[in-house]
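# Structure assessment
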Amino acid sequence: MSLADASAAARARIFATLGKSLSAGRLAAATDGATADPAAADARIAARPRGIRPARVDRDPAGLIALFVEQAVAVQATVARLAKPDAVPQAVADYLAEHNQPARLRCAPQRWLTGLDWAATALEVSQGPAAADDTASLTGAVVGVAETGTLMLASGPAGPTTLNFLPDTHIVALRAEQVVASYEDGWDRIRAAGPMPRTVNMITGPSRTGDIEQVIQLGAHGPRRLHILLIGEAAAGSAR
Amino acid sequence: MQPTSLAFKETARRALDDAQLQRALLNMKPGFQQRRAGTVAKLPEFDALRDQARAIKNHTLANLDHYLTRFEAQVQAAGGHVHWAATAQEATDIVVALCRAAGARTVTKGKSMVAEEIALNDALQAAGFHPLETDLGEYIIQLRDECPSHIIAPALHLTRQQITRTFQEAHTHLPADRPLDEPRQLTDEARAVLRDGFLGADVGITGANFLVAETGSTVIVTNEGNGDLTQTLPKTHIVVSSIEKVVPTLEDTTTILRLLARSATGQEFSAYTTFSTGPRRADDPDGPEAFHVVLVDNGRAALLATEAAEALRCIRCGACMNHCPVYGAVGGHAYGWVVPGPIGAALDPGLIGVETARHLPNASTFCGRCESVCPMRIPLTTIMRHWRTQEHARKLSPGRIRWGLGVWAYVAARPRLYRLCTRLGVAAMAWVGRRRGHLRRWPGAEGWTRYRDLPAPQGGTFVDRWQRGERGAPARETGR
């Protein structure tokens, strides 16, 4: 039997069992009367109701930025505030020097980053996906989520996923207007940009593990350092 | 993996005598328990989120066929492939065939409990592939040829000294006198060794914490980043997931994500939560060229029709075992199957049979701590009680115990007889213990008196004292 035939046969068996189980009525008793209702299921997917939004994000834009920074720092990311994108190259160069990292940078192919005046620094800058010997990367992000200091990054021509995981140092450039309250706001922006990308990464601090005696170690397999360059100030007065 | 749950009494006794294990288990309280408590306290909406998550999953399970169909269609629309496996054997056959078709040699793996359940590594090895576990804990136990002892911390049962020895024995290409005592050094060494594995792999296999019906996305939640390297670098990404992982929308996933890390490791959010939808797109600079999802039933569809159905809401956070006094005393290996602890006691009899797993629902004090921390509000003790009833009804427990229960039930159903018996029993115990105030031995209570004295009863039976009007203030508040 071919792989496809075997899979189709298994599918039929699974769905037959599911049909029997779901119609047995036992489940409804166990689950407060939740019953099979395909129309309700389709409606849920169409309406995409949001769940509870933690009250901690009920703030104005400046308050959200403050919360984002606080939360990111709490998970061992570092944050530098910059007035303008022009300041990014020097900030990257300074950060790498400060951490004794090679003066090399792999940059996401985004014009607003690659088009900066990198020649003014001593950095060797290239663009594209990461290779094994890349030590530092610079990427953008779709949003920064204030709720937990989480970055949401989407794959695409301007967002190679390898940049987020292979290099020892991951630097993310984030504009102030990209800081949102909750993850759901991030989903809205990702949906608005087009079809679901191959990869969406929610990144909250650098890589870590607690697998040895529950002692937390940073830099398990992914980046040892996550540095966020937060550019600009909150738009004044526009309360959410 | 072959279940050894039937030997629970023996394995548990050995675990209690294992000094290394007991030392490793001590890390649970300051680790998991205190971190969870601290993080939950910071989110006043936590309990309301639990109610929402429970409702989402109930709705999804009631419409599981519909949501699975939708998920399948969305994966295909994104250019991926969906394969169905009713049994463990079918699942491993599919993965092996996919690895063959990909011309693979080395296969990297992210942590997956379903992969453990279907014994995927054994199947891959038998087929001539070299599976490499990349989660630090999984890597350690793969080197030691052990099974995970905890669903989110597979090497929880090991001390750093044991891990040091394991690495010294396995990494013979490194200088024998290198410093390797600290968790930092061990982590760095594993990072360096596994980097080459990531870069050389032909196929990457991950599990899934969620399957999103709306988009056809699979979701992994990790801290190390190994899952992402596993699924991003090779040409083929295979996701192995059980069917109950599906949730309707990205918003629903998000609601449950707010509970997962807090309940599991006590983090507000895990370092990496990754949504994968289909293979790389035409203009993507990296990512896998092929994307396969293997959906495994292995008994879950049938479990939906039983009293244990609610256990399928489980999101595998591990909070129940982290807070379980029995798990804390014997660790995960004693349970003898992939999912240990209270959720194992609720799920395993339904998946591997009451005959094989009948000891597990009995390995509980019914203190209810597991239920009090379960983010999905699974009635764990109720389900365990259901399996105990099954064990009794199907005459699987020893005749002596069933006979004893029968006698007790006969007496307990006849109040006057019951009162007479308890009065006599209390009087006898009080008389025997009249001098010391306690009993050194008592027939039928050797399990207790072998290790400690049994206090002698004072002042008659509870019913007698109640009828005499004794209503002393409770010594302390009971916390429920």
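Along each chain, residues carry numbers from 1 onward, in the same order as the chain's sequence is written. Whichever chain is written first is A, and whichever ligand is written first is 1; the rest continue in order. Since the coordinates come from a predicted model, pLDDT governs what is reported: local features require at least 70, and pairs of side-chain atoms require 80 or more to be given and counted, while whole-chain, interface and lining totals use all residues. To get the side-chain values, take all heavy atoms of the structure and skip hydrogens and water.

### Focus: the domain arrangement of chain A
Short version of the rule: What fixes the domain bounds is an automatic or database domain assignment.
Considered domain by domain, chain A is made up of domain 1 (3-47) and domain 2 (59-231). Centre-to-centre, using C-alpha coordinates, domain 1 of chain A lies 41 Å away from domain 2 of chain A.

### Thoughts on the confidence of the model for chain B
Put simply, the rule is: Every residue carries a pLDDT, the predictor's confidence in it, which falls somewhere between 0 and 100.
Of the residues in chain B, 98% reach a pLDDT of 70 or more, and the chain-wide mean stands at 94. Two summary scores accompany this predicted model of the complex, namely pTM at 0.94 and ipTM at 0.96.

### Some thoughts on the sheet that holds strand S5 (residues 210-212) of chain B
Selection criterion: The rule for pairing is simple: two strands pair if DSSP sees at least two bridges between them. Helix numbers and strand numbers start at the N terminus; a helix is a DSSP run of H or I with at least 4 residues, a strand a run of E with at least 2. In this analysis, two residues are considered to be in contact whenever any of their non-hydrogen atoms come within 4.5 Å of each other. Structural elements are reduced to axes, namely lines fitted to C-alpha atoms, with helices fitted over the stretch in contact, and the angle between N-to-C directions of any two is expressed from 0 to 180 degrees.
If you trace the eight strands from one edge of the open sheet to the other, you get S8(A)-S5(A)-S6(A)-S9(A)-S9(B)-S6(B)-S5(B)-S8(B), paired in mixed fashion. With one partner strand each, in any of the chains shown, strand S8 (179-180) of chain A together with strand S8 (246-247) of chain B form the two edges of the open sheet. Where helix H7 (residues 183-192) of chain A meets the sheet, its contacts fall on strand S5 (143-145), strand S6 (150-154), S8 and strand S9 (199-203) of chain A together with strand S9 (272-276) of chain B, and the angle it forms with S6 of chain A comes to roughly 15°.

### Focus on a nonpolar patch on the surface
Residue and element names in this part refer to chain B. Rule in force here: Patch definition: residues above 30% relative accessible area lacking any salt bridge, with like charges linked at up to 9 Å and the nonpolar side chains Val, Leu, Ile, Met, Phe, Trp and Tyr linked at up to 5 Å. Per-residue accessibility takes into account occlusion by the displayed protein chains alone, with areas from the Shrake-Rupley method and a 1.4 Å probe. The salt bridge criterion pairs a side-chain nitrogen of Lys or Arg with a carboxyl oxygen of Asp or Glu, the two atoms within 4 Å. Here the term buried applies to any residue with accessible area under 20% of the maximum for its type, exposed to any over 50%, and partly exposed to those in between, with areas from a 1.4 Å probe on protein chains only.
Taken together, the side chains of Tyr-410, Leu-417, Leu-420 and Leu-424 make up a nonpolar region of the molecular surface, amounting to roughly 390 Å² of accessible area. Of the residues forming the nonpolar patch, the biggest block, three residues, is contributed by helix H22 (residues 415-432). With respect to the element layout, Tyr-410 can be found in helix H21 (residues 399-412). On the accessibility criterion, Tyr-410 (47% relative accessible area) is partly exposed.

### Digging into the nonpolar core
Cut-off, in case you're wondering: Nonpolar core, defined: a set of buried Ala, Val, Leu, Ile, Met, Phe, Trp, Tyr and Cys residues in which side-chain atoms within 4.5 Å join the residues together.
In this structure, Trp-187 of chain A together with Leu-68, Trp-84, Phe-210, Phe-275, Leu-295 and Ile-343 of chain B are the most contacted members of the largest nonpolar core, which totals 106 residues. Beyond its immediate sequence surroundings of up to four residues, Leu-68 of chain B is in contact with Phe-15 and Leu-18 of chain A together with Trp-84, Ile-243, Val-246 and Leu-295 of chain B.

### With respect to the interface of chain A and chain B
Quick note on the threshold: Joining two parts hides part of their accessible area as seen by a 1.4 Å probe, and the buried area is that hidden amount summed over both.
With 85 residues of chain A in contact, the opposing surface of chain B contributes 118 residues. Taking both sides of the interface into account, the surface hidden between chain A and chain B amounts to around 8200 Å²; carbon and sulfur atoms contribute 56%. Its largest share of buried area at the contact with chain B, chain A owes to Arg-198, Gln-214 and His-221 of chain A, together 12% of the area lost on that side. For the interface between chain A and chain B, the tally reads 12 salt bridges.

### Observations regarding the domain arrangement of chain B
All names here are of chain B. For clarity, the threshold we go by: Side-chain atoms alone can form a polar contact between residues adjacent in sequence; in general such a contact is a pair of N or O atoms within 3.5 Å, and within protein one must be able to donate a hydrogen while the other accepts it. Residue type decides the class: Asp, Glu, Lys and Arg count as charged, Ala, Val, Leu, Ile, Met, Phe, Trp, Tyr, Cys and Pro as nonpolar, and the leftover types, Gly among them, as polar.
Taken as a whole, chain B is organised into domain 1 (43-298), domain 2 (307-399) and domain 3 (409-467). Each of domain 1 and domain 2 has a C-alpha centre, and the two are 24 Å apart. Taken residue by residue, the interface counts 29 residues in domain 1 and 27 residues in domain 2. The junction of domain 1 with domain 2 conceals about 2400 Å² of combined surface from both sides, 58% of it contributed by carbon and sulfur atoms. Contact with domain 2 buries area across many residues of domain 1, yet Arg-50, Arg-54 and Ile-151 alone supply 26% of it, more than any other trio. The tally of links from domain 1 across to domain 2 stands at four salt bridges. Glu-310 is paired through a salt bridge with Arg-54; the nearest N and O atoms lie 3.6 Å apart. At the boundary of domain 1 and domain 2, one finds 11 residue pairs in polar contact (both at pLDDT 80 or more). Listing elements by their share of the side of domain 1 that touches domain 2, those giving two or more residues are helix H4 (46-62), helix H7 (113-117) and helix H13 (250-264). Of all the elements, H4 adds the most residues to the side of domain 1 that touches domain 2, at eight residues. Along the lines of polarity and charge, the residues of the side of domain 1 that touches domain 2 split into 13 nonpolar, six polar and 10 charged.

### Description of the sheet that holds strand S7 (residues 169-175) of chain A
All names here are of chain A. If you walk across this open sheet you meet the six strands as S1-S12-S7-S4-S2-S3, and the pairing is parallel. In this open sheet, the two edge strands, each paired with only one partner strand, are strand S1 (78-82) and strand S3 (124-127). For this sheet the average axis-to-axis angle between neighbouring strands, irrespective of direction, equals 25°. Pairing geometry for strand S2 (residues 104-107) and S3, over four bridges, is parallel.

### With respect to the pairing of strand S4 (residues 136-139) of chain A
All names here are of chain A. Burial of S4 is two-sided: the residues Ala-136 and Leu-138 facing one way and the residues Ser-137 and Thr-139 facing the other way are all buried. Of the strand pairs in this sheet, S2 and S4 are connected by two bridges, and their pairing is parallel. Opposite Arg-106, over in S4, you have Ser-137 as the bridge partner. Both S4 and S7 contribute to a ladder of four bridges, which runs parallel. The partner of Thr-139 across the bridge, within S7, is Val-172.

### With respect to the side chain of Thr-274 of chain B
Mapped onto the secondary structure, Thr-274 of chain B falls in strand S9. Taking the relative accessible area as the measure of exposure, Thr-274 of chain B reaches 0% and is therefore buried. A distance of 3.1 Å separates polar atoms of two side chains, one belonging to Thr-274 of chain B and the other to Asn-201 of chain A. A distance of 2.6 Å separates polar atoms of two side chains, one belonging to Thr-274 of chain B and the other to Asp-228 of chain B. Sequence-distant contacts of Thr-274 of chain B, defined by excluding residues within four places in its chain, comprise Thr-199, Val-200 and Asn-201 of chain A together with Thr-218, Val-219, Ile-220, Asp-228 and Gln-231 of chain B.

### With respect to the environment of Thr-17 of chain A
With respect to the helices, strands and loops of the structure, Thr-17 of chain A is situated in helix H1 (residues 3-23). Ignoring sequence-local partners within four residues, the contact set of Thr-17 of chain A consists of Ala-301 and Ala-302 of chain B.

### Overview of the packing of H1 of chain A against helix H6 (residues 88-101) of chain B
Threshold: Here is the rule for angles: anything less than 35 degrees is roughly parallel, anything more than 145 is roughly antiparallel, 65 through 115 is roughly perpendicular, and the remaining ranges are oblique. Should the near helix be turned anticlockwise from the far one by less than a right angle, the crossing is left-handed, and should it be turned clockwise, the crossing is right-handed.
The N-to-C vectors of H1 of chain A and H6 of chain B enclose an angle of 155°; their axes lie 11 Å apart at closest approach. Taken together, the axes of H1 of chain A and H6 of chain B are roughly antiparallel relative to one another. Handedness of the H1 of chain A/H6 of chain B crossing: left-handed. On the side of H1 of chain A, the interface is formed by Leu-3, Ala-10 and Arg-13 of chain A, while H6 of chain B contributes Glu-90, Ile-94, Ala-97 and Leu-98 of chain B. Tallied by class, residues from the contact of H1 of chain A with H6 of chain B come to five nonpolar, no polar and two charged.

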